[in-house]
Amino acid sequence: MGNNQIDTARDSEAVRVEEGGAALNNGGLPESSDMYNITVRNCDLYYGDFQALKSVSIDIEEREVTALIGPSGCGKSTFIKTLNRMNDLVEGCRITGEILIGGRDIYAKSTDVTLLRKNAGMVFQKPNPFPMSIYDNIAFAPRTFGIKKKIELDVIVESSLKHAGLWLEVKDRLKKNAMGLSGGQQQRLCIARALAADPKILLMDEPTSALDPISTGRIEELINELKTEYTIVIVTHNMQQATRISDKTAFFLLGEIIEYGTTESIFSMPKDKRTENYITGRFG
Amino acid sequence: MKARAHRKEIRKYSVLKVVAQTALGLTLVALCAVTLFVLARGIPHVNTQLLFGDYGMYPSIKPALIGTLYLIVISILIAAPIGIGSAVFLTEYTRSNSRLTRTIRIATETLAGIPSIVYGIFGYLVFVVALGFKYSLIGGGITLAIMILPVVVRSTEESLLAVPRILREGSFALGSSKVRTIFSVVLPCASSGIVTSLILAVGRVMSESAVLILTIGMVVNKIPEGFASPGTSLALDVYYFGSHGYPEQAAATGVVLLVLVVSINILATVLGKALGRGELVDG
Ligand SMILES: Nc1ncnc2c1ncn2[C@@H]1O[C@H](COP(=O)(O)OP(=O)(O)O)[C@@H](O)[C@H]1O
Ligand SMILES: [Mg+2]
């Protein structure tokens, strides 16, 4: 069992300063765009004394949609946050085991967390646009990574918004405050904002649970389009959604992955009784 | 049974309501009495000689207006960066329940509760005596900065804590560093609260007298020549005129002070709202 102990973000940041140049190696991630599969081996995660993930192992294929389902509190959000190290921000969170993206350990000391997060964009349950203009929202990550020229930013803003299917709705009001958009538009803005960082992976934690059915439908279509280019991991509470959009499904229960396979097989012939109970609505 | 309980509830409610209304009424009467009295006595004596004239045969508050401006500039220039910096450190860089944070929090709360005359003695002993500034606007301004610092820290902290966590997470998730998150998301989002608290601090500086009696010398008849020279302030002029046989001028200066402090408070509210509605600019 390969395990490396990660204590807090503070430690790794200290390390990053020491290692300087070596860490700029694309966040320890591969340069080539065709290796963004995710491999998790024996991952245990603790919040203080509470174990939220128990020996989780999973292989997530690139350019596929992988759905994470399970009753609330079973560790779906916790798991998805380990993939871009957002758990580093949680005090007292400890992880052991291995998480590899494109074969590289993202918890290795040489990993640049900011580049990891740039490469693995995250969309949250509640749309969280910044209270600034639509343009500034989309340009946020490119600016973080040193793109300052207006022409370059204009191109990124336009292509990201087009990618997220929002361009036609907002192209005449790019300078308006993003908070004025509807909930569904805000969520697509957040997707566009993540895409503007030029990620390879998209992590979505119940991205439609705060939205109406029409906005939900638009985002599902969008996910279908995006999966040709991105590795997508999505947490969903909604079984129909999982069957509509995902290629693979993992069923979580009490911090463990009970069953993982193609969405079709999970939903048509679950091997585990607990999976069957969950997807047929008998509990959770 | 249920209906009776309900009626009892209503009765209890109306008693409370009457008590509350009476209390509110008394407060308003007291407030109006003070304001109207000062205005009535003071307004007839507000004139250009008092406001802008040279201090000679007749008194003038020109030195006090300039002195007050000096004090505001000095105290805010010192208290704003230190106060905002401390608040950022406390909310963004320390754990909310760490011993350091708790100690600093208790310290700021205690400092905020210290009577201002005690700050005055401190300023007198340190700046006037020990450091040899003599009576000076800079000594008074620094003392005022120390006095308003806890308030600035506390209210900035509250504004920072009010910034939703999901905005910070959103920024981190895009690969932003902590510094970028603080400067591009957290501080701008908190700006309305911070600006409001700074303007309210200006109001406190304007109306402070105890600190200044002991530190700036209350030289009412000379325009200050710079930060190092002694001076006076509006609140000190009220005291000086009142105790040196110029009751009308004292009331008139009171009117000026009142108008300025009320305007400052209105400005704080208006600007706070405007900034709260407005949008941030990145890049
Ligand atoms: N920051 C945290 N500190 C302590 N416990 C947490 C924290 N976040 C989540 N948990 C706990 O971890 C478990 C998994 O939570 P979560 O990953 O949010 O579940 P899900 O997303 O599947 O609903 C829950 O029992 C939850 O209470
Ligand atoms: Mg969740």
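These numbers come from a predicted model, not from an experiment.

## What to know about the interface of chain B and chain A
Now for step 1: The interface of chain B with chain A comprises 19 residues on the first partner and 26 residues on the second.
Now for step 2: Elements that contribute at least two residues to the side of chain B that touches chain A include exactly α7 (165-173) and α8 (178-207) of chain B.
Now for step 3: Sort the elements by how many residues they give to the side of chain B that touches chain A and α7(B) lands first, with six residues.
Now for step 4: Considered class by class, the residues forming the side of chain B that touches chain A number nine nonpolar, five polar and five charged.

## Re helix α8 (residues 213-226) of chain A
Now for step 1: In this model, α8(A) (14 residues) spans 20 Å end to end at C-alpha, consistent with the 20 Å of a helix rising 1.5 Å per residue.
Now for step 2: Each element contacted by the buried residues of α8(A) is listed here: β3 (65-69), α7 (183-195), β7 (201-205), β8 (231-235) and α9 (239-245) of chain A.

## Some words on the site of ligand 1
Residues and elements named next belong to chain A.
Now for step 1: Near ligand 1 the following residues occur: Tyr-47, Phe-50, Ala-52, Gly-70, Ser-72, Gly-73, Cys-74, Gly-75, Lys-76, Ser-77, Thr-78 and Val-90.
Now for step 2: Going through the elements one at a time, β2 (50-60) and α2 (76-82) are the ones with two or more residues in the shell around ligand 1.
Now for step 3: Of the residues forming the shell around ligand 1, the biggest block, three residues, is contributed by α2.
Now for step 4: Of the residues that constitute the shell around ligand 1, the class distribution is five nonpolar, six polar and one charged.

## Re the sheet that holds β2(A)
All names here are of chain A.
Now for step 1: Taken together, four strands build an open sheet; the order of strands is β2-β1-β4-β5 and the sheet is antiparallel. Where the open sheet ends on each side, the last strands, each with one partner, are β2 and β5 (104-105).
Now for step 2: Relative to β2, strand β1 (residues 38-47) runs antiparallel, the two being bridged by seven bridges. Its bridge partner lying in β2, Tyr-46 is registered against Gln-51.

## Some thoughts on the domain arrangement of chain B
Residues and elements named next belong to chain B.
Now for step 1: Per the domain assignment, the segments of chain B are domain 1 (2-45) and domain 2 (48-277).
Now for step 2: Centre-to-centre separation of domain 1 and domain 2, based on C-alpha positions: 32 Å.
Now for step 3: If you look at the interface, domain 1 gives seven residues, while domain 2 gives eight residues.
Now for step 4: Tallied by class, residues from the side of domain 1 that touches domain 2 come to three nonpolar, three polar and one charged.

What counts, and where the lines are drawn
Residues numbered from 1 in each chain as written. Chains lettered and ligands numbered in written order. Predicted model: local features only at pLDDT ≥ 70, side-chain atom pairs only at ≥ 80, totals over all residues. Contact = placed C-beta atoms within 7 Å. Helix = DSSP H or I, 4+ residues; strand = E, 2+ residues; numbered from the N terminus. Nonpolar A, V, L, I, M, F, W, Y, C, P; charged D, E, K, R; others polar. Expected span 1.5 Å × (residues − 1). Near = placed C-beta within 6 Å. Pairing = 2+ DSSP bridges. Domains from an automatic or database assignment.

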